[in-house]
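Survey of secondary and tertiary structure
Here is what each chain is made of, one letter per residue.
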Amino acid sequence: SKEVLYLEVMRKASAEHAEIAEALLKEDCTCVEKLKRLTTFDINTMLENELRTRLILRELGEPCENTVRRLAHQVFRRNFQLVIELFEQGKASGEFRADFNPVAAAVAWCGAKNSFFLCRESMQDLDLFKGASAPQAFSDDICRLLTEGIRPAPSRSVAAIQTKTPPAPARSVRQQKT
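These lines cover the structure that appears in this document, whether it is placed above or below. (Residues numbered from 1 in each chain as written. Predicted model: local features only at pLDDT ≥ 70, side-chain atom pairs only at ≥ 80, totals over all residues. Heavy atoms only, no water.)

**Considering empty space enclosed by the protein**
Counted according to the given criterion, the structure contains one cavity of 30 Å³ or more. In this structure, the largest cavity spans a volume of roughly 380 Å³. Surrounding the largest cavity, 23 residues form its lining, His-17, Asp-42, Ile-56, Asn-79 and Lys-113 being those nearest its centre. Among the secondary structure elements, those contributing two or more residues to the lining of the largest cavity are helix 1 (2–26), helix 2 (31–48), helix 3 (50–60), helix 4 (67–93) and helix 5 (102–119). Examining the composition of the lining of the largest cavity, we find that six residues originate from one element, helix 4, more than from any other. (1 Å grid on protein atoms, 1.4 Å probe; cavity = no way out; pocket = protein on both sides within 12 Å on 5 of 7 lines; lining within 4 Å. Points joined across faces, edges and corners; volume = space filled by probe spheres on them. Helix = DSSP H or I, 4+ residues; strand = E, 2+ residues; numbered from the N terminus.)

Here's what the structure looks like:
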C-alpha cells in the first residue's frame, strides 16, 4: 500500500542518518571534524534524494495526525538527538564553550542545512550556491560559523577593537587649502 511504501522511505532516511551519526559519535576525532563529516553527508544525501528530502521536510511541518507523520516526527527527533549528543560531546571535552546550548546549536545546524537545500535554486547568483563544490563549501562554512562564531579571531581582542580610534574623516580639497 501507499502508506507502507511511505513508511519504508521514512525508515530508510532515518537509518542512513542514524548510522553515520552513531558511528561518528564513537570515532576518535574532534567534534568539529565529526560535525563537518555529518554535515557533508547530510547535504549530499539531501541533494541525491531530493524527492525524499522534500517529503520529509513537508511531513515535519505538519501536525502528527497519522501514523506516517508520527513516524516522520520520531525519525527526526531520534536523529536530532544524535546531533545534540555530538554538540554535548564537544562541550564535555572542552572543544566547545561551556556556556553554549547544544539544543540551540543543533537547531541552527538543522535550519542551515534545510535552508541550503530549499534555497539553492533561487540563490545561484551567490558563490556559496554555485557549482558542484557548493555542498562541500557550504558544509565547511556552516561548520566554521557554528564552531568559531562570527566574532573576530582571538588575536584581535575585544578591548583592542573597542579602543581602536576611528580614522579621521577625510578632508576635502577645500579644507586642505585653508
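**Quick word on the nonpolar core**
Counting residues in hydrophobic clusters, the biggest one holds 29 residues, and the most contacted among them are Leu-38, Phe-87 and Trp-109. Looking at this core, the elements with two or more residues in it are helix 1, helix 2, helix 4, helix 5 and helix 6 (134–148). Not counting residues up to four positions away in its chain, the partners in contact with Leu-38 are His-17, Ile-20, Ala-21, Leu-24, Val-83, Leu-86 and Trp-109. If you look at the next biggest cluster of nonpolar residues, it comprises nine residues, including Leu-7, Met-10, Ala-13 and Val-75. (Core = buried A, V, L, I, M, F, W, Y, C linked by side-chain atoms within 4.5 Å. Buried < 20%, exposed > 50% of the residue type's maximum accessible area, 1.4 Å probe, protein only. Contact = heavy atoms within 4.5 Å.)

**Let's talk about helix 1**
Taking 1.5 Å of rise per residue, the 25 residues of helix 1 would be expected to cover 36 Å, and the 37 Å separating its terminal C-alpha atoms lies within 8% of that figure. Of all the residues in helix 1, the buried ones are Tyr-6, Leu-7, Met-10, Ala-13, Ser-14, His-17, Ala-18, Ala-21, Leu-24 and Leu-25. (Expected span 1.5 Å × (residues − 1).)

**What to know about the packing of aromatic side chains**
This model, assessed by the stated rule, comprises five aromatic pairs. Judged by centre distance (6.0 Å) and plane angle (40°), the ring pair of Phe-87 and Phe-96 falls under tilted. Taking the centre distance of 4.5 Å and the plane angle of 25° together, the rings of Phe-116 and Phe-138 count as stacked. Here Phe-138 lies in helix 6 and Phe-116 lies in helix 5, a separation of 22 residues in the sequence. You'll find Phe-116 and Phe-138 in the same group, each marked buried. Members of the aromatic cluster, each reached through a chain of ring pairs, are Phe-87, Phe-96 and Phe-100. (Phe/Tyr/Trp six-rings, centres within 6.5 Å; stacked < 30°, edge-to-face > 60°.)

**Some details on the pattern of salt bridges**
Pairs can form between side chains of opposite charge whenever their charged atoms are close. Applying the stated criterion across every chain, the model contains ten salt bridges. Between Arg-120 and Glu-121 there is a salt bridge, with the nearest N and O atoms lying 3.9 Å from each other. Residue classification places Glu-121 among the exposed residues on the basis of a relative accessible area of 58%. (Salt bridge = Lys/Arg side-chain N within 4 Å of Asp/Glu carboxyl O.)

**Let's talk about the packing of helix 2 against helix 5**
When two helices pack together, you describe them by how their axes are tilted relative to each other and by the distance separating the axes. Running from amino to carboxyl end, helix 2 crosses helix 5 at an angle of 35°, the nearest separation of the two axes being 10 Å. Crossing of helix 2 over helix 5 shows right-handed handedness. On helix 5, the residues touching Leu-35, Leu-38, Thr-39, Asp-42, Ile-43, Met-46 and Leu-47 of helix 2 are Trp-109, Lys-113, Asn-114, Phe-116 and Phe-117. Its residues assigned to classes, the contact of helix 2 with helix 5 comprises eight nonpolar, two polar and two charged. (Axes fitted to C-alpha atoms, helices over the stretch in contact; angles between N-to-C directions. Left-handed = near helix turned anticlockwise from the far one by under 90°. Nonpolar A, V, L, I, M, F, W, Y, C, P; charged D, E, K, R; others polar.)

**Concerning the environment of Phe-100**
Position of Phe-100 relative to the elements: it lies in the loop between helix 4 and helix 5. Judged by relative accessible area, Phe-100 falls into the buried class, the value being 18%. Separated by twelve residues in the primary sequence, Phe-100 and Glu-88 have C-alpha atoms spaced 9.5 Å apart. In contact with Phe-100, other than residues within four places in its own chain, are Phe-87, Lys-91 and Ala-105.

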